[in-house]
Amino acid sequence: MKLMIPFLTAMLPLASFAQSQSGGASGVPSVAIPKTTEVLVIQTAKQGVTASQIMDVIPAEIRATVKLYLDGKIRQWYSRGDGKGIVFLVEAKTEDEARAIMETLPLAKEQLMDHQYIPVGPLMPLRALVGPGAQSN
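Residues numbered from 1 in each chain as written. Predicted model: local features only at pLDDT ≥ 70, side-chain atom pairs only at ≥ 80, totals over all residues. Heavy atoms only, no water.

> How would you summarise the nonpolar core if you had to cite specific residues and measurements?
Counting 12 residues, the largest nonpolar core consists of Val 39, Val 41, Leu 68, Ile 74, Phe 88, Val 90, Ala 92, Ala 98, Ile 101, Met 102, Leu 105 and Tyr 117. Elements with a minimum of two residues in this core: strand E1 (38-45), strand E3 (86-90) and helix H4 (95-102). The element contributing the most residues to this core is H4, with three residues. Ile 54, Leu 107, Leu 112 and Met 113 belong to the second-largest nonpolar core, a separate cluster that totals five residues. (Core = buried A, V, L, I, M, F, W, Y, C linked by side-chain atoms within 4.5 Å. Buried < 20%, exposed > 50% of the residue type's maximum accessible area, 1.4 Å probe, protein only. Helix = DSSP H or I, 4+ residues; strand = E, 2+ residues; numbered from the N terminus.)

Here it is, written out as structure tokens:
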């Protein structure tokens, strides 16, 4: 067990690289590609949109976001540290599913925000901790 932590620490850069590559084209085995469990959504104001335009919609946006949270569609949300937007962790298995959820929000309906969608899943080297046979799940 003493060697497991250094092993996992050494594997993290490789895992990040492997997870960023497509399975078929790069030769990375499909076991290295995580199953999508959530989608990270980065929301920023579109070019030319003013703070005033956003603030006009914020009360409705907050209510709708809280409702999605209470419905289990949004797991977490944060303000970006640089003040340039919001980051959501959306309960979705695909980008399209996350997009459909985000498009219900008032800021999206008003077309004031740009969205970037990044599917995420479990960190695959952690399977080494549970041993053989865990690779097939």
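Still more to cover.
> I'd like a description of helix H3 (residues 51-70), backed by residues and values.
Between its terminal C-alpha atoms H3 stretches 27 Å, which fits the 28 Å expected from 20 residues at 1.5 Å a residue. Within H3, the axis deviates most sharply at Ile 58, by approximately 50 degrees, and proline Pro 59 lies no more than four positions further along. Among all positions in H3, only Ile 54, Val 57, Glu 61, Thr 65 and Leu 68 are buried. Lining the buried residues of H3 we find E1, strand E2 (74-79), E3, H4, helix H5 (106-109) and strand E4 (113-120). (Expected span 1.5 Å × (residues − 1). Bend = angle between axes of the 7 residues up to and from the residue. Contact = heavy atoms within 4.5 Å.)

> How would you summarise the layout of surface pockets if you had to cite specific residues and measurements?
Of the pockets and cavities examined, the largest pocket occupies roughly 300 Å³. Surrounding the largest pocket, 16 residues form its lining, Gln 43, Ile 58, Glu 61, Ile 86 and Leu 107 being those nearest its centre. Where the lining of the largest pocket is concerned, the elements lending two or more residues are E1, H3 and E3. With six residues, the top contributor of residues to the lining of the largest pocket is H3. The residue inventory of the lining of the largest pocket, partitioned by class, reads 10 nonpolar, four polar and two charged. (1 Å grid on protein atoms, 1.4 Å probe; cavity = no way out; pocket = protein on both sides within 12 Å on 5 of 7 lines; lining within 4 Å. Points joined across faces, edges and corners; volume = space filled by probe spheres on them. Nonpolar A, V, L, I, M, F, W, Y, C, P; charged D, E, K, R; others polar.)

> Which residues make up the packing of aromatic side chains, and what values go with them?
Taken as a whole and assessed by the stated rule, the structure comprises one aromatic pair. Both rings, one in Tyr 69 and one in Trp 77, keep their centres 5.3 Å apart while their planes meet at 75 degrees; by these two values the pair is edge-to-face. Geometry around Tyr 117 places Arg 99 over its ring, the cationic atom sitting 4.4 Å from the centre. (Phe/Tyr/Trp six-rings, centres within 6.5 Å; stacked < 30°, edge-to-face > 60°. Lys NZ or Arg CZ within 6 Å of the ring centre and 35° of its normal.)

> Which residues make up the side chain of Glu 38, and what are the values?
Its place among the elements puts Glu 38 in strand E1. Engagement of the side chain of Glu 38 in a polar contact is seen with the side chain of Arg 75, the distance being 3.2 Å. When near neighbours in sequence (up to four residues on either side) are disregarded, Glu 38 contacts Arg 75, Leu 89, Val 90, Glu 91, Ala 92, Ile 118, Pro 119 and Val 120. (Polar contact = N/O pair within 3.5 Å; in protein donor to acceptor, adjacent residues only side chain to side chain.)

> Tell me what's going on with the environment of Ala 98, and back it up with residues and numbers.
Take Ala 98: it is sitting in helix H4. Here Ala 98 is in contact with Val 39, Val 41, Val 90, Ala 92 and Tyr 117, once residues within four sequence places are set aside.

> So what's going on with the sheet that holds E2? Residues and values would help.
To summarise the sheet geometry, strands pair through backbone hydrogen bonds and adopt either a parallel or an antiparallel arrangement. The four strands lie next to each other as E2-E3-E1-E4, forming an open sheet whose pairing is antiparallel. Each having just a single partner strand, E2 and E4 make up the two edges of the open sheet. Each strand axis lies, on average, 20 degrees off the axis of its neighbour in the sheet, ignoring direction. In the sheet, E1 pairs with E4 via eight bridges, with the strands oriented antiparallel. When the sheet's bridge partners are listed, Leu 40 is paired in E4 with Ile 118. Sitting on the sheet, H4 touches E1, E3 and E4, and the angle it makes with E4 is about 145 degrees. (Pairing = 2+ DSSP bridges. Axes fitted to C-alpha atoms, helices over the stretch in contact; angles between N-to-C directions.)

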